[in-house]
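Structure at a glance
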Amino acid sequence: MKHLLKLADLSAEEIFSILNLADQLKYERKNGVDHPHLKGKHLGMIFQKSSTRTRVSFEVGMHELGGQALFLSDRDLQIGRGEPIRDTVRVLSRYLDGIMIRTFSQQDVEDLAKYGSIPIINGLTDYCHPCQVLADLMTIREYKGSLKGLKLCFIGDGNNMANSLIVGGIKTGMKVSVACPDGYRPDEGVVAWAKENGDLQITSDVLAAAEGADVLYTDVWASMGQEGEKAVREAAFKGFCIDKKVLGAADKEAMVLHCLPAHRGEEITEEAFESHAEEIFDEAENRLHAQKAVLVKLLK
Ligand code: CP
Ligand code: NVA
């Protein structure tokens, strides 16, 4: 494994190996065991969109591993003034040991890997969010013991979260259902791959998708960069919400996850969110452990 550009690039063995290391690093941290695997290493973090969890967990994670993280906002980098990403990465490859990038286009992330000579980590694009889903898989495994055979139901927009959950879910042996409005379906390539390699259901019927689910997952109706579509999306996504009825259709032990930030009253009710807050904030915590595992795998 040279980069983390998307989960489709990883084998099931590589995913489980990251999850196992993440569990170990979490255990060590809770027991006060230092693990300076990345002493003297530097990670550049390029952000072209906002972030709370990704930024802080990568920065703290690098520090805990004995290395250092540099926050590089595109407002300050020359990228913001038009310097090509392929030149930027050829320069940064001379200073840094790895780059994490959050941006719009998946192609930009792929280009960083193509033109640079250091590991590249995708911290979210419009297409996928692999770091989030590694933390999600870790959290599901913590609560349910194993992943194989579970039903994972995603309700909402078929963009980055749905695409990565489908790939991560199928690769780890889960059945995946997605409820989305027509016109907001997941990436066609991802759907075709999933149908060939596992059990994927796509529907606009929220209760059918949630039927018997072990994990219910949702995300915002309007993602970063789609703020101008808010009103159109509010109309299109009405009812694509984790509420009492959806919880009633799922398995009675079902867990609820949300990548956050959450919009209560839109994709999830206040009650559904708060009654599953423990899982949701464990999931947020696990960003730290899962990403530390990725950093060790790529940068050590
Ligand atoms: N879930 C997630 O990626 O959160 P941030 O946008 O705060 O990084
Ligand atoms: N779909 C959301 C995920 C945020 C973590 C977005 O792209 O804004």
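By convention here, each chain's residues receive numbers from 1 onward along its written sequence. Whichever chain is written first becomes A and whichever ligand is written first becomes 1, with later ones labelled in order. At least 70 in pLDDT is required for a residue's local features to be given in this predicted model, at least 80 for side-chain atom pairs to be given and counted, and no such filter applies to totals for whole chains, interfaces and linings, which use all residues. Processing note: side-chain calculations cover all non-hydrogen atoms of the structure and skip hydrogens and water entirely.

Some remarks on the overall build of the chain
A tally of helices and strands in the chain yields twelve helices and nine strands. Its C-alpha atoms give the chain a radius of gyration of 19 Å, near enough to 19 Å, the size a compact globule of 300 residues would have. Looking at the chain as a whole, 56% of its 300 residues are labelled buried. Contacts are residue-level and defined by heavy atoms, with any inter-residue pair within 4.5 Å sufficient. Expressed as a percentage of contacts within the chain between residues at least 6 apart in sequence, the contacts between residues at least 24 apart total 75%. Secondary structure counts use DSSP, requiring at least four H or I residues in a row for a helix and at least two E residues in a row for a strand, with both numbered from the N terminus. Our radius of gyration looks at C-alpha atoms and nothing else; its globule reference is 2.2 Å times the residue count to the power 0.38. When a residue's accessible area, from a 1.4 Å probe over protein chains only, is under 20% of the maximum for its type it is buried; when over 50% it is exposed; and in between it is partly exposed.

Some points on the sheet that holds strand β8 (residues 215-218)
Where strands meet in a sheet, backbone hydrogen bonds hold them as pairs that are either parallel or antiparallel. Across the sheet, which stays open at both edges, the five strands sit in the order β7-β6-β5-β8-β9 with parallel pairing between neighbours. Each edge of the open sheet carries a strand with a single partner, namely β7 (200-203) and β9 (255-258). In this sheet, neighbouring strand axes are inclined to one another by 20° on average, regardless of whether the strands run parallel or antiparallel. Paired strands, in this sense, are two strands between which DSSP finds at least two bridges. In the sheet, strand β6 (residues 175-179) pairs with β7 via four bridges, with the strands oriented parallel. Residue pairing for β7: Ser177 is matched across the bridge by Gln201. Working convention: axes come from line fits to C-alpha atoms, limited for helices to the stretch in contact. Angles between N-to-C directions cover 0 to 180 degrees.

Digging into helix α6 (residues 160-171)
The terminal C-alpha atoms of α6, which comprises twelve residues, lie 17 Å apart, in line with the 16 Å expected from a rise of 1.5 Å per residue. Counting buried positions along α6 yields eleven of twelve residues, so the element is predominantly enclosed. The set of residues buried in α6 consists of Asn160, Met161, Ala162, Asn163, Ser164, Leu165, Ile166, Val167, Gly168, Gly169 and Ile170. Elements that come into contact with the buried residues of α6 comprise α5 (130-144), β5 (151-155), β6, α7 (188-197), β7 and β8. Gly173 occupies a position one or two residues after α6 and carries a positive phi of about 90°. Expected helix span is given by 1.5 Å per residue-to-residue step, counting one fewer step than there are residues.

Observations regarding empty space enclosed by the protein
Of the grid points, spaced at 1 Å and generated over the protein atoms alone, those admitting a 1.4 Å probe that cannot get out make up cavities, while open sets with protein on both sides within 12 Å along at least five of seven lines make up pockets; any residue with an atom within 4 Å of a point is treated as lining. Grid points are joined across faces, edges and corners, and a volume is the space filled by probe spheres set on the points. Scanning all chains against the criterion turns up one cavity of 30 Å³ or more. For the largest cavity, the calculated volume is near 50 Å³. In this structure, the largest cavity is lined by Lys6, Leu7, Ala8, Tyr127, Cys128, Asn163, Ser164, Val167 and Val190. Here the lining of the largest cavity gets three residues from one element, more than from any other, and that element is α6. Class assignment for the residues of the lining of the largest cavity results in six nonpolar, two polar and one charged. Each residue gets one of three labels, nonpolar for Ala, Val, Leu, Ile, Met, Phe, Trp, Tyr, Cys and Pro, charged for Asp, Glu, Lys and Arg, and polar for the others, Gly among them.

Description of the state of the cysteines
In plain terms, two cysteine sulfur atoms within 2.5 Å form what is called a disulfide here. What the rule picks out here adds up to zero disulfides. With no disulfide of its own, Cys241 lies 12 Å from the sulfur of Cys153, the closest cysteine sulfur. Free cysteine: Cys259, not disulfide-bonded; nearest cysteine sulfur from Cys131 at 13 Å. For Cys259, a relative accessible area of 7% puts it in the buried group.

Things to note about the sheet that holds strand β3 (residues 98-102)
What the four strands build is an open sheet, ordered β2-β1-β3-β4; its pairing is parallel. With one partner strand each, in any of the chains shown, β2 (68-73) and β4 (120-122) form the two edges of the open sheet. Within this sheet the neighbouring strands show an average axis-to-axis angle of 20°, counted without direction. In this sheet, β4 lies alongside β3 in parallel orientation, the contact comprising three bridges. The partner of Met100 across the bridge, within β4, is Ile121. Together, β1 (42-47), β2, β3 and β4 form the strand contacts of helix α2 (residues 53-64), whose direction differs from that of β1 by roughly 175°. Across the sheet, helix α4 (residues 106-115) touches β3 and β4, and the angle it forms with β4 is around 165°.

Describing the site of ligand 2
As a structural note, the neighbourhood of ligand 2 is formed by Leu124, His129, Asn160, Asp219, Val220, Ser223, Met224 and Leu260. Taking Asn160, its side chain carries an N or O atom lying 2.8 Å from an oxygen atom of ligand 2. Pairing of N or O atoms within 3.5 Å defines a polar contact, subject to two protein rules: one partner must be a possible hydrogen donor and the other a possible acceptor, and residues neighboring in sequence count only if both atoms are side-chain atoms. Met224 has a polar backbone atom sitting 2.9 Å from an oxygen atom of ligand 2. A 1.4 Å probe and the Shrake-Rupley method give the accessible areas. Residues count as covered only by the protein chains that appear here. Relative to its unbound accessible surface of 270 Å², ligand 2 loses 95% to contact with the protein. A molecule is counted as occupying a cavity or pocket when more than half of its atoms fall within 2 Å of that pocket's grid points. In this structure, ligand 2 is accommodated by the largest pocket. Split by residue class, the shell around ligand 2 holds four nonpolar, three polar and one charged. We define proximity as follows: a residue is near a molecule or strand when any one of its heavy atoms falls within 4 Å of that partner.

Comments concerning the pattern of salt bridges
Between Lys or Arg on one side and Asp or Glu on the other, a salt bridge is scored when a side-chain nitrogen of the former is within 4 Å of a carboxyl oxygen of the latter. A complete count under the given rule lists 16 salt bridges for this structure. One salt bridge in this structure joins Arg55 and Glu59, with 3.3 Å as the shortest N-O distance. One end of the pair is Arg55 and the other is Glu59, both in helix α2 and four residues apart, which spans about a single turn. Since its relative accessible area comes to 29%, Arg55 is described here as partly exposed.

Things to note about the nonpolar core
We call a set of buried Ala, Val, Leu, Ile, Met, Phe, Trp, Tyr and Cys residues a nonpolar core when their side-chain atoms join them within 4.5 Å. Counting 57 residues, the largest nonpolar core has Leu4, Ile121, Ile140 and Leu295 as its most contacted members. Residues contacting Ile121, with those up to four places away along its chain left out, are Leu4, Phe58, Ile99, Met100, Ile101, Cys131, Val294, Leu295 and Leu298. Counting residues in each nonpolar core, the second largest holds 25 residues, with Ile242, Ala254, Phe273 and Ile280 among its members.

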